[in-house]
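Working through the structure, step by step
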Amino acid sequence: MKIGLLARIEAKPEYADEVEAMLRDAVALAEQEQHTVTWFSFRQDATTFGVFDTFNDEQGRQSHLEGKIAAALMGAAQTMLSSPPVITPVDLLGVKIS
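This structure is a prediction, so every number in the text was calculated from the model and none was measured.

Looking at the overall build of the protein chain
- When you go through the protein chain residue by residue, the secondary structure sums to 3 helices and 4 strands.
- Taking 98 residues into account, the globule formula puts the C-alpha radius of gyration at 13 Å, and the protein chain, at 13 Å, falls close to it.
- Oriented by its inertia axes, the alpha-carbon framework of the protein chain measures out at about 35 × 25 × 20 Å.
- Put simply, the protein chain has 98 residues, and 38% of those count as buried.
- A fraction of 72% describes how many contacts in the protein chain between residues 6 or more apart in sequence connect residues 24 or more apart.

Notes on the pairing of strand β2 (residues 36-43)
- As judged from the 7 bridges shared by β2 and strand β3 (residues 48-55), these two strands associate in the antiparallel manner. When the bridges of β3 are listed, Arg43 appears paired with Phe49.
- Hairpin connection of β2 to β3: 4 residues between the antiparallel strands.

Cut-offs used in this document
- Residues numbered from 1 in each chain as written.
- Predicted model: local features only at pLDDT ≥ 70, side-chain atom pairs only at ≥ 80, totals over all residues.
- Heavy atoms only, no water.
- Helix = DSSP H or I, 4+ residues; strand = E, 2+ residues; numbered from the N terminus.
- Rg over C-alpha atoms; globule rule 2.2 N^0.38 Å.
- Buried < 20%, exposed > 50% of the residue type's maximum accessible area, 1.4 Å probe, protein only.
- Contact = heavy atoms within 4.5 Å.
- Pairing = 2+ DSSP bridges.

So far we have only geometry, and geometry alone does not tell us how the molecule works.
So this is what it looks like as structure tokens:
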């Protein structure tokens, strides 16, 4: 794993539970992605969510950005999110896996 993506997702309060369910269910889609090494979704507070995922190369990252999870997230942006997701590419400096 050399690179990743960090996404910050801000839900409208009335849709927070639906966004949570969408992110919980998205793990099944992530498992189908051949080039996604790790995938995590999380909740920071009542309306703030995030996704962190890792890849071995840029091709894997781009493939993920063009996949079903990204499409679902962008589709939800119109109605369930208070603003578009902020998706930031990151370079991994250190990794520990037990």
